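What follows is the residue order along each chain.
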Amino acid sequence: MDNKVSKRRRIVVLGAGESGYGAAVLAKDKGMEVFLSDSGTIATKYRECLEAESIPFEEGQHTMERILSADEIVKSPGIPSEAPIVVAAEAKNIPIISEIEFAGRYTTSKMVCITGSNGKTTTTMLIHHILQRGGIDASLAGNIGKSLAYQVARDPHEVYVVELSSFQLDNMYDFKANIAVLLNITPDHLDRYGYMMQNYVNAKFRILQNMTPTDTFIFWKDDPVISAQLRHINTEARMLPFSEHYEEGSEAYINAENKLIFNTPGTSMSMPRADLALNGLHNVFNSMAAGLSACVCEVSKEAIRVALSDFSGVEHRLEFVADIDGVRWINDSKATNVNSCYYALEAMTTPTVLILGGKDKGNDYSEILPLVKEKVKAIVAMGKDNTKIVEFFSSHVATIADTHSLEDAVAACHNLSKAGDTVLLSPCCASFDLFSSYEDRGRKYKEAVKAIK
């Protein structure tokens, strides 16, 4: 592989975020000529780092001639395939890869890779927590923490626990997961996939490429989309499915005594569901996937039990914010699609005021309608254009507030809720109409809630 790579001496990196900076550093350390280009404004911390590394870069533009002289391009996952610079590079047959693909060429460390429409971050962090509890030198990568490329270059580890989006998987070709975890597949990012669900499904299943009989595929057996696709997919990897209840072949499930069972070729153990640190059925599935991954990594039973019971959770995912006058305020800003909101509503046990809205990605709200009818007393729509939400739910929910700022949305929730209720921010939508990211949305929401007097 190194001989092949050595022929491609000129690397252009598109995008100066965490992954782009890491790829540029790795390319530099491997003796390549590297140039980084970002059409937007580069964050100060990355600009300063690039200058300190003496890596040439540009921002606010793409110099076509310089970029198209590349032997290979490492593209940020946020840049769509229809972007003019990508189209131009493809027309010149310049290979375009992801930062993860690039980093994978220069490491033999074990890769535990997690994808799915929902639960990726929680499961990734939970696996990392268990492996560290088990004494394994594991580090987070992908969509969490420092980029894989930077760590391969400057901070190597025995195991990388890598959260992978469909966008990252799109430009991965030779990279191989040693353990691949596929949590679920529900409609998401369809605007990037020609509004064709199968294109999105195909992207997710790229996590299985190049796997061998010594590798392991962990997946949710009850997911209808995964089950249907598996009928058309051949993989050499050992398959470890999990399910809500025991089914033939299930390696993890909940038994009649409400205990979580793990029964893999190498490990047989159980623990009460009540001992899990994370609440909600979706988090039981996340815990199953994490526990199975730890079993494959030969973590001790005791370490798995302890780690599953003391994990502290993930910011912006069913995160408790405050109890104000008997009303619980919950931040689930990471729920950027309908299915993620479904699981949040499934975990609600009190009358709920639900905040929805943002940049719609082709949402079908019918999936959450039964839970909305059962649990939601009012909806507060929060976005630049709430027409679709208001029209869909107006005949099903007695009260809908149409707001266009965070301040107005929180004020409406405060007025509509009473002691014993829950206010849940679980927007179903991307954040980019009013906020810079779901993290920005969640943090500003928490600030606004804590400012209530």
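Residues numbered from 1 in each chain as written. Predicted model: local features only at pLDDT ≥ 70, side-chain atom pairs only at ≥ 80, totals over all residues. Heavy atoms only, no water.

Colleague: Sorry if this is basic, but what is going on with the environment of Arg273 here?
Modeller: Relative to the assigned elements, Arg273 resides in the loop between β14 (268-272) and α12 (281-296). When its relative accessible area of 28% is taken as the criterion, Arg273 is described as partly exposed. Along the chain, Arg273 and Ser395 lie 122 residues apart, while their C-alpha atoms are 38 Å from each other. (Helix = DSSP H or I, 4+ residues; strand = E, 2+ residues; numbered from the N terminus. Buried < 20%, exposed > 50% of the residue type's maximum accessible area, 1.4 Å probe, protein only.)

Colleague: Honestly, the packing of aromatic side chains in this entry has me stumped. Any pointers?
Modeller: Geometry of an aromatic ring pair is reported as the spacing of the ring centres plus the angle between the planes. Applying the stated rule across the entire model yields twelve aromatic pairs. Between the aromatic rings of Tyr21 and Tyr150, the centroid separation amounts to 5.9 Å while the plane-to-plane angle is 25 degrees, which identifies the pairing as stacked. Placement of Tyr21 in helix α2 (residues 18-29) and of Tyr150 in helix α8 (residues 148-154) is noted, with a sequence separation of 129 residues between them. Among the residues examined, Tyr21 registers a relative accessible area of 9% and is labelled buried. Taking 4.8 Å as the distance between ring centres and 75 degrees as the angle between the ring planes, the aromatic pair formed by Phe392 and Phe393 counts as edge-to-face. What makes Phe392 partly exposed here is its relative accessible area of 27%. You can call Phe393 buried: its relative accessible area is 0%. Put simply, the rings of Tyr21, Tyr46 and Tyr150 touch in pairs and so form one group of aromatic residues. The ring of Tyr150 carries the charged tip of Lys146 above its face, separated from the ring centre by 5.3 Å. (Phe/Tyr/Trp six-rings, centres within 6.5 Å; stacked < 30°, edge-to-face > 60°. Lys NZ or Arg CZ within 6 Å of the ring centre and 35° of its normal.)

Colleague: What am I meant to see in the sheet that holds strand β5 (residues 96-97) here?
Modeller: Strand order across the open sheet formed by five strands is β3-β2-β1-β4-β5, with parallel pairing between neighbours. Each having just a single partner strand, β3 (57-59) and β5 make up the two edges of the open sheet. As defined by bridge partners, strand β2 (residues 33-38) adjoins β3 across three bridges and the pair is classed as parallel. When the sheet's bridge partners are listed, Asp38 is paired in β3 with Glu59. (Pairing = 2+ DSSP bridges.)

Colleague: What is the right way to look at the environment of Ala378 in this model?
Modeller: On the secondary structure map, Ala378 appears in strand β18 (residues 376-382). Sequence separation between Ala378 and Phe393 is 15 residues, and the spatial gap between their C-alpha atoms is 10.0 Å. Non-local contacts of Ala378, meaning those with residues more than four positions away in its chain, are made with Thr352, Val353, Leu354, Val397, Thr399 and Leu416. (Contact = heavy atoms within 4.5 Å.)

By themselves these figures say nothing about function.
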